[in-house]
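Spelled out, the chains give:
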Amino acid sequence: MTDSIASPPISARNLVKRFGDLVAVDGIDFEVAAGEAFGFLGPNGAGKTSTMRMIACVSPVTSGRLTVFGKDPEVYGAEIRGRLGVVPQADNLDLELTVRENLIMYARYFDLAWSEGRKRADELLEFVQLDERAKDKVDDLSGGMKRRLTIARALINQPDLLLLDEPTTGLDPQARHLVWERLYRLKQRGVTLALTTHYMDEAEQLCDRLVVMDKAKIAAEGTPRELIAKYSTKEVLELRFPADEQPAIDGRLDGLADRVELLPDRVLLYTSDGEEAAAAVHRRGLRPESSLVRRGTLEDVFLRLTGRSLID
Amino acid sequence: MAVRVVEHNVVVFRRLWRGYIMVSFFTPLFFLASMGLGLGSLVNRGSGGVGGVPYIDYLAPGLLAATTMQAAAFECMYPILAKILWDRIYDAMLATRLSVRDVIAGEVAWVALRMLMVATIFWVVMAAFGVAHTFESLLVIPAAALNGLAFATPIMAFTATQRNDNAFSTIFRFVITPLYLLGGAFFPISSLPGALQAVAWATPLAHGVELCRGLVLGDLVPAQAVLHLTVLLAYAIAGVVFVRPLLTKRLLK
Ligand SMILES: Nc1ncnc2c1ncn2[C@@H]1O[C@H](COP(=O)(O)OP(=O)(O)OP(=O)(O)O)[C@@H](O)[C@H]1O
Ligand SMILES: [Mg+2]
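J.: Report on the overall build of chain B, specifying residues and quantitative values.
T.: When its secondary structure is counted, chain B shows 10 helices and 0 strands. Overall, chain B is about 60 × 40 × 35 Å in size when its C-alpha atoms are taken along their principal axes. Among the 253 residues that make up chain B, the fraction classed as buried is 51%. In chain B, the share of contacts with a sequence separation of at least 24, taken over all contacts with a separation of at least 6, comes to 78%. As displayed, chain B has an accessible area near 11,000 Å², and 71% of this comes from carbon and sulfur atoms. When the 17 positive and 11 negative side-chain charges of chain B are each reduced to one mean point, those points stand 9 Å apart.

J.: Explain the overall build of chain A to me, using residue names and the numbers behind them.
T.: A count of helices and strands for chain A gives 12 helices and 13 strands. The principal-axis extent of the C-alpha atoms belonging to chain A is close to 75 × 45 × 35 Å. Within chain A, the fraction of its 312 residues that count as buried is 54%. Sequence-distant contacts in chain A: of pairs separated by 6 or more residues, those separated by 24 or more amount to 69%.

J.: Can you break down the coordination of the magnesium ion (ligand 2) residue by residue, with the values?
T.: Residues and elements named next belong to chain A. Protein coordination at the magnesium ion (ligand 2): the donors are Thr-49 (OG1) and Gln-89 (OE1), at 1.9 to 2.1 Å from the metal. Residue Thr-49 is located in helix α2 (residues 48–55), and its partner Gln-89 is located in the loop between β5 (84–87) and α4 (99–109); the two are separated by 40 residues in the primary sequence. Of the residues examined, Gln-89 reaches a relative accessible area of 41% and is grouped as partly exposed.

J.: For the site of ligand 1, give the residues involved together with the corresponding values.
T.: Around ligand 1, a shell composed of 15 residues is seen, among which Gly45(A), Lys48(A), Thr49(A), Ser50(A) and Gln89(A) lie nearest. Residues near ligand 1 are shared among chains A and B, making this a multi-chain site. In the environment of ligand 1, an oxygen atom lies 3.5 Å from a nitrogen or oxygen atom belonging to the side chain of Glu166(A). Interatomic distance of 2.9 Å between a side-chain N/O atom of His198(A) and an oxygen atom of ligand 1. Taking 640 Å² as the accessible area of ligand 1 by itself, protein coverage stands at 67%. Within the residue set of the shell around ligand 1, elements represented by two or more residues are β2 (22–32) and α2 of chain A. Sorting elements by how many residues they give to the shell around ligand 1 places α2(A) first, with 3 residues. Here the shell around ligand 1 is composed, by residue class, of 5 nonpolar, 7 polar and 3 charged.

J.: Tell me about the packing of helix α2 (residues 55–75) of chain B against helix α7 (residues 166–182) of chain B, residues and numbers included.
T.: Residues and elements named next belong to chain B. In contact at an axis separation of 9 Å, α2 and α7 are set at 160 degrees when each is read in the N-to-C sense. Here α7 runs roughly antiparallel to α2, going by the angle between their axes. Contact residues: Leu-63, Ala-66, Thr-67, Met-69, Gln-70, Ala-73 and Phe-74 in α2; Phe-172, Ile-176, Leu-179 and Tyr-180 in α7. Looking at the contact of α2 with α7 residue by residue, the classes come out as 9 nonpolar, 2 polar and no charged.

J.: Account for a negative patch on the surface, naming residues and giving values.
T.: Residue and element names in this part refer to chain A. A surface patch of negative charge is lined by Glu-123, Glu-126, Asp-131 and Glu-132. Note that Glu-126 resides in helix α5 (residues 114–127). A residue is classified by how much of its surface remains accessible, and Glu-126, at 52% relative accessible area, is exposed.

J.: How would you sum up the sheet that holds strand β8 (residues 209–214) of chain A? Please name residues and give values.
T.: Residue and element names in this part refer to chain A. Spatially, 6 strands are ordered β5-β6-β7-β3-β8-β9 in an open sheet, and the strand pairing comes out mixed. Each edge of the open sheet is held by one strand with a lone partner, namely β5 and β9 (217–222). For this sheet, the mean inter-axis angle between neighbouring strands, taken without regard to orientation, is 15 degrees. In the packing of helix α12 (residues 298–306) onto the sheet, contacts are made with β3 (37–41), β8 and β9, and the angle to β8 comes to roughly 35 degrees.

J.: I'd love a proper account of the side chain of Lys83(B), names of residues and values included.
T.: Residue and element names in this part refer to chain B. Within the secondary structure, Lys-83 sits in helix α3 (residues 78–86). Of the polar contacts made by the side chain of Lys-83, one reaches the side chain of Asn-9; its length is 2.9 Å. Within the local environment of Lys-83, its side chain forms a polar contact with the side chain of Glu-107, the two groups lying 2.9 Å apart. Sequence-distant contacts of Lys-83, defined by excluding residues within four places in its chain, comprise His-8, Asn-9, Arg-88, Ile-89, Tyr-90 and Glu-107.

J.: Lay out a nonpolar patch on the surface in plain terms, naming residues and giving numbers.
T.: On the surface, a nonpolar cluster with roughly 390 Å² of combined accessible area is contributed by Met22(B), Phe25(B), Phe26(B) and Phe30(B). By the secondary structure assignment, Phe26(B) is in helix α1 (residues 2–47).

J.: Now, about the state of the cysteines: what can you tell me, with residues and values included?
T.: Taken as a whole and judged by the stated rule, the model has 0 disulfides over all chains. Here Cys76(B) stays free of any disulfide, with the sulfur of Cys212(B) as its closest cysteine sulfur at 18 Å.

J.: Go over the interface of chain A and chain B, please, and point to the residues and values.
T.: Facing the 27 residues of chain A at the interface are 23 residues of chain B. Here chain A packs against chain B, burying approximately 2,200 Å² in sum over the two surfaces, 55% of which is carbon and sulfur. Among the residues chain A hides against chain B, the three largest losses belong to Arg81(A), Asn92(A) and Tyr109(A). Together they make up 27% of the total. Viewed at the interface, chain B and chain A are joined by 3 salt bridges. Notably, a salt bridge pairs Arg108(A) with Glu7(B), separated by 2.7 Å at the nearest N-O pair.

The rules behind each value
Along each chain, residues carry numbers from 1 onward, in the same order as the chain's sequence is written. As they are written, the chains are lettered A onward and the ligands numbered 1 onward, keeping that order. Note on the predicted model: pLDDT of at least 70 is required for a residue's local features to be given, and 80 or more for side-chain atom pairs to be given and counted; whole-chain, interface and lining totals, by contrast, use all residues. With hydrogens and water set aside, each side-chain value is computed from the structure's full complement of heavy atoms. Strands are runs of DSSP state E lasting at least 2 residues, helices are runs of H or I lasting at least 4, and numbering of each runs from the N terminus. Only protein chains enter the calculation, and the probe is 1.4 Å; a residue is then buried if its accessible area is under 20% of its type maximum, exposed if over 50%, and partly exposed in between. Here a residue-residue contact requires only that any non-hydrogen atoms of the pair lie within 4.5 Å. Areas reported here follow the Shrake-Rupley algorithm with a probe of radius 1.4 Å; residue values treat only the protein chains shown as occluding. Under this rule, positive means Lys or Arg and negative means Asp or Glu; His and the chain ends count for nothing. The atoms used to mark charge sites are NZ of Lys, CZ of Arg, CG of Asp and CD of Glu. With water omitted from the atoms examined, metal sites may look incomplete; donors here are N, O and S atoms no farther than 2.8 Å from the metal, or 3.2 Å in the case of Na, K and Ca. If a single non-hydrogen atom of a residue is within 4 Å of a molecule or strand, that residue counts as near it. Distance and chemistry together define a polar contact, namely a pair of N or O atoms within 3.5 Å, with one atom able to donate a hydrogen and the other to accept it when in protein, and with adjacent residues in sequence counting only for side-chain atoms on both sides. Throughout, the ten residues Ala, Val, Leu, Ile, Met, Phe, Trp, Tyr, Cys and Pro are labelled nonpolar, Asp, Glu, Lys and Arg are labelled charged, and all others, Gly among them, are labelled polar. Lines fitted to the C-alpha atoms define the axes, with helices restricted to the stretch that makes contact. Angles between their N-to-C directions range from 0 to 180 degrees. Here the angle decides the label: under 35 degrees means roughly parallel, over 145 means roughly antiparallel, 65 to 115 means roughly perpendicular, and every other value means oblique. Two distance rules govern patches: like charges are joined within 9 Å, and nonpolar side chains (Val, Leu, Ile, Met, Phe, Trp, Tyr) within 5 Å, applied only to residues with over 30% relative accessible area and no salt bridge. For salt bridges, the criterion is a side-chain nitrogen of Lys or Arg within 4 Å of an Asp or Glu carboxyl oxygen. Pairing between two strands requires that DSSP report at least two bridges joining them. Cysteine sulfur atoms are paired as a disulfide whenever they fall within 2.5 Å. When two parts are put together, the accessible area they lose, computed with a 1.4 Å probe and summed over both, is reported as buried area.

Spelled out as structure tokens, the structure:
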């Protein structure tokens, strides 16, 4: 199909999604280029899933313009979905079928022959390291294994665009690294990735570009590096005070850093020189229980833009 | 693509078919033995059957229609709600090349196939009891399946609106079971009180029963057959017309 060369896999202009009176997506603009890994970050309820579902052609657009592979989802839904792989936020595997049957049946929904479905199923089970569980009932898998099976299922039609809604939530660190590695391989093969995540390390690892959504709008857009440069500082000084002293800190750190953030459990000082700031804190007679200098991260960007810790 | 939805049902059914086939076989067997022969001997002795027909011949085709009604009602309640709500099978299907139209067409085709299975087994039991004598009586199989569909699609539309399964037992208690017992399978509708007769004739079952009975007894009047078929088709089509927007609204939010 030639349109993938001419038009970007996803393009949204002033995209709106409403559920009754509730505005879940409030006029967002973004474009995802072919072969790119694009991330949606944002607190709970920001509108990430609502956006993903519109792209997946299973949720009608309220207003604005959305094209996937240059086509209107409302008109060409089935055709577009034929080229998509979808990992939904909540697994919806077929509990009546075995692990392998889940993949073979899904291949049928994409109009693949049974023999082709069986072949791809075996390849994909190996790809996500579930080949030993092929004959098991899905219900007997652990949560993380189900997640990997869902990812395998999304690849059965060899999609050009993979939509991943919190792909690694609930995975142990090892499984998460496996998934990252597999997604990276897919990207190298030219598959476009659009994903949501609550893990900033995941976003930094995987995403070429990302948007931070907050309250149904896009608060910022850029590469992870650009966002850190723009919304954070080179270094961050993290201080912990005994719980009863923390309230008394307010105001006593003024002027020591570009910005001071008081969190329930710690205090963050945004500065270009963390060691110097730590020394200055000491000179003011403050004695934190612990102090740590680290580089600015996406997490700081997130905090700055949404005013919230990650998972609230 | 609707055939893919049928395939899904077949794959799942392959695990469960023994149980289903047993039920489809033993229900007519027990009913025809106990009611048809046992109770029937009293009826036949007392009044020479129903309108001159031995009771088991009268009962069997009516019971067939009632059976497909009951089976179709069940198939379109719990399994469909499970796929909408509990197991989210339809969400998974709709992320593929399949559309809501394929899902509906596939499910309706599957219920039709299931009702053909139920009716075929029932016919075999009838034949074993010597009720179905003629080649034409085989036509009762599609007729009974159509009777099932006349209940299936409206119930599917209802299920598409449900948030839990509370209403299903109510429907069985107040619609399906009363129709099963009073809808013309066991005794003529004409012996019901006048108002109930009108209600009975407004439901698909009365027409399904008459159609099946006429085909088995071989005394079907063509004009009446057309009326019965029209009513059954009207219910089945009306159900499809309603289920389409309801299921779309439910699944594509
Ligand atoms: N089907 C629905 N009906 C009504 N409101 C909905 C529906 N789906 C989502 N919403 C609302 O839309 C808003 C955005 O939800 P959405 O699921 O897109 O958030 P999200 O960014 O994916 O959050 P999370 O990180 O918790 O997954 C929320 O206020 C949510 O309650
Ligand atoms: Mg979400």
